[in-house]
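Structural description and commentary
What follows is each chain in one-letter form.
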Amino acid sequence: MSHHYIKFSHVSYTYPGGVKALDDVSFVITHGEKVALVGTNGAGKSTLMLHTNGLLLPSEGEVVIGDVPVTKKTLPIVRRSVGIVFQDPDDMLFMPTVREDVAFGPLNMNLPPDEVERRVEASLNAVGAADFLDRPSYELSGGQKRSVAIAAVLSMGPDILVLDEPSSNLDPHARRLMMDQIKSFHHTCLIATHNMALVRELCPRTIIMSEGRIVADGLTEKLLNDTQLLDRVGLL
Ligand SMILES: Nc1ncnc2c1ncn2[C@@H]1O[C@H](COP(=O)(O)OP(=O)(O)O)[C@@H](O)[C@H]1O
Ligand SMILES: [Mg+2]
């Protein structure tokens, strides 16, 4: 079976504080699909995404990536195939310079130094952040940090790219580069966003969440024109 396949079966998740953030979530995303995940703040999008690479493990149900069920034991395998760009880039950048932040993943994969260097340059170029190479990550603006965070994930060559609100804080030029980058990523992609223009351009399929549940899953063109549905879930 393909490694680029995400399957959630009856996944529920309750945070230690008692909030039930996912409630019986099931779906399959197959190789090469680009799927948008939309819903109001607090709908459960980020929680769902954190389940794709085992940063959170389900309270009930099962997540499978390719043919690998996500468990504590399989985390190293799963994390090699799923690359997540978090909602807050500050959660991803912690090295003294941009170069080291982007090299961190490839170095951990024990790639040879010249390959690491090649990947760092290629992924920073891809997001238009090559000029930041030797700057401290913490000095960058929010949008610049986000571009570097995306490069840091691309540099690991993931099979599945999971992006949590990738367009927030980006200026139009950086947003265009990011969207072109996603377009040229020929693997599976799951994107949580409030940016409906991005959804329409990049994602033929949309999953709509509300209060921890999937309330619709289908063609973007159809769902985003269903004003009754969008109104009902607070997206109008
Ligand atoms: N670390 C956490 N601890 C407790 N509750 C959380 C935590 N993160 C999120 N939640 C709660 O889980 C629900 C879903 O949140 P989240 O997945 O962040 O939604 P979204 O990304 O769609 O805005 C919300 O009610 C939120 O308050
Ligand atoms: Mg979120």
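Reading the values: rules and limits
Residues numbered from 1 in each chain as written. Chains lettered and ligands numbered in written order. Predicted model: local features only at pLDDT ≥ 70, side-chain atom pairs only at ≥ 80, totals over all residues. Helix = DSSP H or I, 4+ residues; strand = E, 2+ residues; numbered from the N terminus. Expected span 1.5 Å × (residues − 1). Buried ≥ 20, exposed ≤ 12 C-beta atoms within 10 Å, placed from the backbone. Near = placed C-beta within 6 Å. Nonpolar A, V, L, I, M, F, W, Y, C, P; charged D, E, K, R; others polar. Core = buried A, V, L, I, M, F, W, Y, C linked by C-beta atoms within 7 Å. Contact = placed C-beta atoms within 7 Å. Pairing = 2+ DSSP bridges. Axes fitted to C-alpha atoms, helices over the stretch in contact; angles between N-to-C directions. Parallel < 35°, antiparallel > 145°, perpendicular 65-115°, else oblique. Left-handed = near helix turned anticlockwise from the far one by under 90°.

**A look at helix α5 (residues 142–154)**
Taking 1.5 Å of rise per residue, 13 residues should cover 18 Å, and α5 covers 19 Å from first to last C-alpha, within 8% of that figure. Where burial is concerned, most of α5 is hidden: 11 out of the 13 residues are buried. Gln144, Lys145, Arg146, Ser147, Val148, Ala149, Ile150, Ala151, Ala152, Val153 and Leu154 are the residues of α5 that are buried.

**Focus on the site of ligand 1**
If you check the shell around ligand 1, you find Tyr15, Gly17, Val19, Ala21, Gly39, Asn41, Gly42, Ala43, Gly44, Lys45, Ser46 and Thr47 and nothing else. No other element matches helix α1 (residues 45–52), which puts three residues into the shell around ligand 1. Split by residue class, the shell around ligand 1 holds four nonpolar, seven polar and one charged.

**Regarding α1**
For α1, the tally of buried residues reaches six of eight residues, placing the bulk of the element in the interior. Of all the residues in α1, the buried ones are Lys45, Thr47, Leu48, Met49, His51 and Thr52.

**Things to note about the nonpolar core**
One broad rule of soluble globular proteins: the nonpolar side chains tend to lie buried together. Judged by nonpolar contacts, the single largest core of 62 residues is most densely connected at Leu37, Val148, Ala151, Val153, Leu190 and Ile191. Looking at this core, the element that brings in the most residues is α5, giving seven residues. Sequence-distant contacts of Leu37, defined by excluding residues within four places in its chain, comprise Lys45, Leu48, Leu190, Ile191, Ala192, Ile207 and Met209.

**Section: the sheet that holds strand β2 (residues 20–29)**
Read across the sheet, four strands follow the order β2-β1-β4-β5 without closing on themselves; strand pairing throughout is antiparallel. Both outer strands of the open sheet, β2 and β5 (68–69), are each paired with one neighbouring strand and no more. Of the pairings in the sheet, the one linking strand β1 (residues 6–14) to β2 comprises six bridges and is antiparallel in character. Directly across from Ile6, in β2, lies its bridge partner Ile29.

**A look at the packing of helix α3 (residues 98–108) against helix α4 (residues 113–126)**
For any two helices packed against each other, one specifies the inter-axial angle together with the distance between the axes. Contact geometry of α3 with α4 gives a least axis separation of 9 Å together with a crossing angle of 125 degrees. It follows from the interaxial angle that α3 and α4 lie oblique. In terms of crossing hand, the pair formed by α3 and α4 is right-handed. Residues Arg99, Val102, Ala103, Pro106 and Leu107 of α3 touch α4, and the partners they reach there are Val116, Arg119, Val120, Ser123 and Leu124. Of the residues in the contact of α3 with α4, the class split is seven nonpolar, one polar and two charged.

Everything listed here is a matter of coordinates, which is why it stays silent on function.
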